[in-house]
Amino acid sequence: MSKVVEISPTTRHEGHSKLVLKVNDEGIVERGDWLSITPVRGVEKLAIGKTMEQVPKIASRVCGICPIAHTLAATEAMEASIRCYIPEDAMLLRYILQCANRLHSIALHDILVLPDMYLPGTDTKINPFTPEEPVRSVALRIQRLREIGQTIGEIVGGEAIHPSNPRVGGMYKNISPRAKQKIYDLAKEGRMLAHAQEEFMVSVFRNYQKRDWAEVAGRQIPIPKDLGYHNQGYMAAAPIYGSSSLDDNPTWFPERWTEVRPWDWYMGEEEITLEDKDYPVGGTTPAGGKAWPQMQACTGVPLYDGQPVEVGPRARLVTFKNYDEKGAMGLNIAREMEYEGTCYGILEAVDALNTSGKVLADEIPGGDGSLGWAANEAPRGCDVHLAKVKDGKVRWFSMLVPTTWNFPTCSRALTGAPWELAEVIVRAYDPCVSCATHMLVVDENKKIVAQKLLE
Amino acid sequence: MVLGNYKTCVAARSTDKEILKGAQDGGIVTQLFAYALEEGIIDGAIVAGPSDEPWKPEPMVATTKAELLAARGTKYNLSPNISLLKEATRSYGLDKVGIVGTPCQMQAVRKAQLYPVGMRDVPDKIALAIGIFCMENFPYQSIEAIVEDHCNQKLESVVKMDIGKGKFWAYTERGAVSQIPLKVTHKYEQPGCHVCLDYVSNLADVSTGSVGTPDGWSTVFVRTKNGEDIWNKAITAGCFETKDITTVKPGLELVTKLATDKITKNQKTLDARASFGVGKGLRNPYL
């Protein structure tokens with residue numbers, strides 16, 4: 001007889017989400033639904049009628065962790081719609097921004113994921129805030145990596161969060177030779193730190209893979225060897241930057257994308273029959289209550305070739321670098337493997353940058369309303385923005401953000417895991433829920449069938 | 001207290017002939033920034049540089065002495081230097097920023113440091129803030145009217161403007177000197193200046209102006225610990241020639257008088273505004 005347990009809210013990630021899990025007598029998840037309960041932002045509707053310059057700025061406000069990805073994806077979606085090609089130096093600046101964003105985002109994820117992990121060789125869970133070594137120097141390193149990423153983002157983007165410098169047609173300003181040197185110095189320092197941090201984190205994740213149990217709520221929970229495995233596909237547009245409909249060979253295909261309503265995807269109304277008062281933090285939802293995922297989920301369910309897919313670091317490594325490790329730890333390790341690449345990316349781009357080069361296209365057309373899309377490989381995965389711009393005004397705008405893709409995929413990855421470890425799987429996706437919250441459901445003919453499903 | 005808090009006050013002028021040549025008075029700002037740049041105390045300074053139009057300043061980030069020299073001299077109209085403050089720490093890549101400005105701009109700098117709303121990562125990067133004495137400022141159109149209509153000189157031909165001895169002076173490149181009484185210029189002042197209660201940049205690290213010292217010299221107030229460190233190093237390095245302020249004429253007496261005049265006059269505007277409208281007095285921003 002299966003029972004239903006609800007973990008609401010889930011913790012140590014961005015945004016508000018919850019887990020509704022149907023578990024068997026041994027506490028193993030038979031069906032898991034992980035859903036966003038963040039209120040709908042409405043950015044796509046706000047965008048309509050605004051100028052194409054405004055919309056990327058508004059879109060970036062959807063969240064404060066990867067605003068760079070949203071700014072770049074939205075800006076490039078506008079450029080794709082109006083068919084505007086930007087100068088090479090502007091592209092290089094954007095590339096630096098992209099890498100800087102990923103650098104500080106991975107560092108943040110380290111802090112969020114470490115408390116689930118054990119110090120190798122001990123049964124002590126890691127508290128990233130402890131003053132004791134070796135954790136203290138790791139925490140300081142994480143802080144410095146975040147500082148480096150954000151400072152580089154600040155120099156190139158104008159702001160560390162919500163960059164002001166990118167604009168439709170390129171960038172507002174190029175940087176000074178001194179700023180270029182500063183970025184170079186920071187990236188060199190970051191590369192060494194990222195390397196050390198990557199080694200530490202991978203050893204911690206490998207240690208978790210080898211462990212037989214993890215302590216949750218005062219109990220020793222067995223860790224299955226296939227924790228977080230799923231058989232869904234992967235979707236990635238590029239190893240680092242992205243793709244857009246302006247490319248000669250685009251690597252994302254809008255015709256392969258469909259979306260279904262949460263009503264048709266998630267579980268119906270369920271009574272909560274299992275509770276655990278000791279589950280951190282503050283226990284699970286008390287038994288007797290109701291959970292209704294199909295009504296409560298605040299996201300659509302995007303499908304690629306009719307299936308949910310995984311996006312993110314592992315999707316990039318699988319697609320472009322023959323990575324093959326599955327499971328929650330495989331995903332965590334894939335993320336760490338991207339660490340150093342961000343600094344190398346910055347170094348290469350800043351080397352190629354001409355600080356006297358122009359960064360704004362000579363001509364910025366107003367657009368004729370044709371569809372343009374840009375897929376940006378945000379830290380959490382492929383962030384696709386689609387836009388139709390006519391006479392400088394946005395007629396239609398849609399954001400298909402990474403965690404929206406990962407919600408249904410991760411839900412499937414929960415099956416077979418002890419319910420107490422469900423959050424470990426969720427955190428491996430580094431979820432960023434706010435921006436994932438949209439309600440725009442289209443049927444096979446791309447007709448909008450449900451705008452909003454809220455009671 | 002009309003002169004604010006200060007550690008020392010001296011009469012000074014630069015020892016660098018090149019700086020003095022185009023300087024308004026003692027070349028204090030240019031010299032101090034040049035010294036700080038050379039010593040790595042600052043990476044660059046936000047100054048009122050030249051623009052496309054004559055005598056219209058445009059804020060610029062000077063990172064070399066040549067750029068500082070290009071910005072020498074007082075331009076009696078608005079230069080929104082604070083607008084570059086954040087950008088200096090961004091695309092210019094500066095870690096230690098020098099900034100010069102009027103008393104209100106010094107207030108803005110300190111406010112940005114205290115409440116860095118929209119000024120993320122800026123407060124700790126301000127390495128030297130030099131304030132200048134200011135009675136009031138003019139919009140560019142006012143300077144056009146004063147110089148071209150009242151002084152009858154083309155702005156392009158003017159090489160120096162000055163305010164002193166109760167008059168506004170314009171010197172042309174061919175040696176002509178025009179002067180008009182200051183009271184003629186009053187109506188061209190920026191109305192916003194009439195609520196300001198600071199004459200001598202109380203919040204700067206170092207503040208300076210011509211009032212109180214003979215021609216070619218400047219009065220310098222060293223106000224903060226940071227300002228004192230830099231000033232003392234510059235003196236040791238021989239950047240400035242100084243005199244005791246008590247030995248020069250007209251001395252601090254005149255500075256005090258003008259500061260008191262400004263505060264008294266502007267306090268009246270503030271009082272008037274406090275009772276302006278029907279039961280809707282404006283709040284005094286200084287209280």
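Residues numbered from 1 in each chain as written. Chains lettered and ligands numbered in written order. Predicted model: local features only at pLDDT ≥ 70, side-chain atom pairs only at ≥ 80, totals over all residues.

A.B. asks: Please clarify how the overall build of chain A should be interpreted in this entry.
C.D. replies: Broken down by element type, chain A carries 12 helices and 19 strands. Summarising its shape, the C-alpha atoms of chain A cover approximately 65 × 55 × 35 Å along the three principal directions. Of all 455 residues assigned to chain A, the portion counted as buried reaches 53%. For chain A, the share of sequence-separated contacts (at least 6 apart) that also reach a separation of at least 24 residues comes to 75%. (Helix = DSSP H or I, 4+ residues; strand = E, 2+ residues; numbered from the N terminus. Buried ≥ 20, exposed ≤ 12 C-beta atoms within 10 Å, placed from the backbone. Contact = placed C-beta atoms within 7 Å.)

A.B. asks: Would you mind showing me how to read the overall build of chain B here?
C.D. replies: In terms of helices and strands, chain B carries nine helices and 11 strands. The globule rule puts the C-alpha radius of gyration for 287 residues at 19 Å, and the 19 Å found for chain B is close to it. Considering only C-alpha atoms, chain B reaches an extent of 55 × 50 × 40 Å along its principal axes. Scored against the burial criterion, the 287 residues of chain B give a buried share of 43%. Within chain B, counting contacts between residues at least 6 apart in sequence, those at least 24 apart form 63% of the total. (Rg over C-alpha atoms; globule rule 2.2 N^0.38 Å.)

A.B. asks: Even after reading the chapter, I still don't get the packing of helix H3 (residues 67-82) of chain A against helix H4 (residues 88-113) of chain A, so can you show me in this structure?
C.D. replies: Each pair of packed helices can be summarised by the angle the axes make with each other and by the distance between the axes. Residues and elements named next belong to chain A. At a minimum axis separation of 9 Å, H3 and H4 run at an interaxial angle of 150°. Regarding the angle of H3 to H4, the classification is roughly antiparallel. The interaxial crossing formed by H3 with H4 has left-handed handedness. The segment H3 lies against H4, with Ile 68, Ala 69 and Leu 72 engaging Arg 94, Leu 97, Gln 98 and Asn 101. Across the contact of H3 with H4, the residue classes tally to four nonpolar, two polar and one charged. (Axes fitted to C-alpha atoms, helices over the stretch in contact; angles between N-to-C directions. Parallel < 35°, antiparallel > 145°, perpendicular 65-115°, else oblique. Left-handed = near helix turned anticlockwise from the far one by under 90°. Nonpolar A, V, L, I, M, F, W, Y, C, P; charged D, E, K, R; others polar.)

A.B. asks: Looking at this structure, I do not really get the confidence of the model for chain A. What am I missing?
C.D. replies: For any part of a model where pLDDT is low, the fine detail of the predicted coordinates should not be relied upon. Residues and elements named next belong to chain A. When pLDDT is averaged along chain A, the result is 92, and 96% of the positions lie at 70 or above. The spread of mean pLDDT over the elements of chain A runs between strand E19 (residues 448-450), the lowest at 47, and helix H6 (residues 177-210), the highest at 97. In the predicted structure, residues 448-455 sits below a pLDDT of 50 and forms 17 contacts with residues beyond four places in sequence or in another chain. (pLDDT = per-residue confidence, 0-100.)

A.B. asks: Just to check I follow, could you spell out the confidence of the model for chain B for this structure?
C.D. replies: When pLDDT is averaged across chain B, the result is 93; 96% of the residues are at 70 or more. With a pTM of 0.90, the predicted complex shows an ipTM of 0.85.

A.B. asks: Could you clarify how one ought to interpret the domain arrangement of chain B in this entry?
C.D. replies: Note on interface size: it is often stated as the accessible area lost on association of the parts. Residues and elements named next belong to chain B. Domain annotation of chain B identifies domain 1 (8-135 + 191-274) and domain 2 (138-188). For domain 1 versus domain 2, the distance between C-alpha centres works out to 22 Å. Each side of the interface is counted separately: domain 1 has nine residues, and domain 2 has 10 residues. For the side of domain 1 that touches domain 2, the residue count by class is four nonpolar, four polar and one charged. (Domains from an automatic or database assignment.)

A.B. asks: In this structure, what is going on with the sheet that holds strand E6 (residues 158-164) of chain B? I would like to understand it.
C.D. replies: Sheet strands pair by backbone hydrogen bonding; their relative direction is either parallel or antiparallel. Residues and elements named next belong to chain B. If you trace the three strands from one edge of the open sheet to the other, you get E6-E7-E8, paired in antiparallel fashion. Two strands close off the open sheet at either side, each with one partner strand: E6 and strand E8 (177-181). Pairs of neighbouring strands in the sheet enclose a mean axial angle of 15°, with direction left out of account. Strand direction decides the pairing type here: E6 and strand E7 (residues 167-172), joined by six bridges, are antiparallel. Looking across to E7, one finds that Val 158 is bridged to Thr 172. (Pairing = 2+ DSSP bridges.)

A.B. asks: Whenever I open this one, the interface of chain B and chain A confuses me. Can you help?
C.D. replies: In this assembly, seven residues from chain B lie in contact with 11 residues from chain A. When the residues that make up the side of chain B that touches chain A are grouped by side-chain class, the tally is one nonpolar, three polar and three charged.

A.B. asks: Help me understand the nonpolar core, please; the structure alone is not making it clear to me.
C.D. replies: Considering soluble globular proteins, one finds that nonpolar side chains tend to be buried as a cluster. Ile 96, Ile 152, Ile 346, Ala 422 and Ile 425 of chain A together with Ala 45 of chain B are the most contacted members of the largest nonpolar core, which totals 194 residues. Broken down by element, this core gets its largest block of residues, 12 residues, from H4 of chain A. Ignoring sequence-local partners within four residues, the contact set of Ala 45 of chain B consists of Phe 33, Leu 37, Ala 62, Leu 68, Gly 98, Ile 99 and Val 100 of chain B. Counting 10 residues, the second-largest nonpolar core is a separate cluster that includes Phe 138, Val 147, Val 158 and Phe 168 of chain B. (Core = buried A, V, L, I, M, F, W, Y, C linked by C-beta atoms within 7 Å.)

A.B. asks: When you look at the sheet that holds strand E16 (residues 381-390) of chain A in this model, what are you seeing that I'm missing?
C.D. replies: Residue and element names in this part refer to chain A. Taken in spatial order, the four strands of this open sheet run E9-E15-E16-E17, and their pairing is antiparallel. Each edge of the open sheet is held by one strand with a lone partner, namely strand E9 (242-244) and strand E17 (393-400). Averaged over all neighbouring strand pairs, the angle between strand axes comes to 15°, with direction disregarded.

A.B. asks: Quick question: what am I supposed to make of unusual backbone geometry here?
C.D. replies: Only a minority of non-glycine residues have a phi that is not negative, and only a minority of peptide bonds are not trans. Residue and element names in this part refer to chain A. Of note, the amide linkage connecting Glu 133 to Pro 134 takes the cis form, showing an omega dihedral of 5°. The step from Pro 280 to Val 281 runs through a cis peptide bond, and the omega angle for that step is -5°. Here Val 281 is to be found in the loop between strand E11 (270-271) and strand E12 (290-291). Positive phi, normally seen in glycine, also occurs at Asp 430, with a value near 50°. Mapped onto the secondary structure, Asp 430 falls in the loop between helix H12 (422-428) and strand E18 (441-442).

A.B. asks: Just to check I follow, could you spell out the packing of helix H8 (residues 313-321) of chain A against helix H9 (residues 327-337) of chain A for this structure?
C.D. replies: All names here are of chain A. The N-to-C vectors of H8 and H9 enclose an angle of 75°; their axes lie 8 Å apart at closest approach. Judged on the interaxial angle alone, H9 and H8 are roughly perpendicular. Contact with H8, carried on its side by Pro 313, Arg 314 and Leu 317, involves Gly 330, Leu 331, Ala 334, Arg 335 and Met 337 of H9 and no other residues of that element. Partitioned by chemical class, the residues of the contact of H8 with H9 number five nonpolar, one polar and two charged.

A.B. asks: How do you make sense of the environment of Ala 70 of chain B when you look at a structure like this?
C.D. replies: All names here are of chain B. With respect to the helices and strands, the residue Ala 70 is situated in helix H3 (residues 65-70). On a C-alpha basis, the gap between Ala 70 and Ala 48 in space is 9.2 Å, while along the polypeptide they are 22 residues apart. Apart from the residues within four sequence positions on either side, Ala 70 is in contact with Gly 49 and Pro 50.

A.B. asks: Even after reading the chapter, I still don't get the environment of Val 29 of chain B, so can you show me in this structure?
C.D. replies: Residue and element names in this part refer to chain B. With respect to the helices and strands, Val 29 occurs in helix H2 (residues 28-39). Between the alpha carbons of Val 29 and Thr 242 there is a distance of 15 Å; along the sequence they are 213 residues apart. Val 29 has contacts with Val 100, Ile 130 and Thr 208, leaving out every residue within four places of it along the chain.

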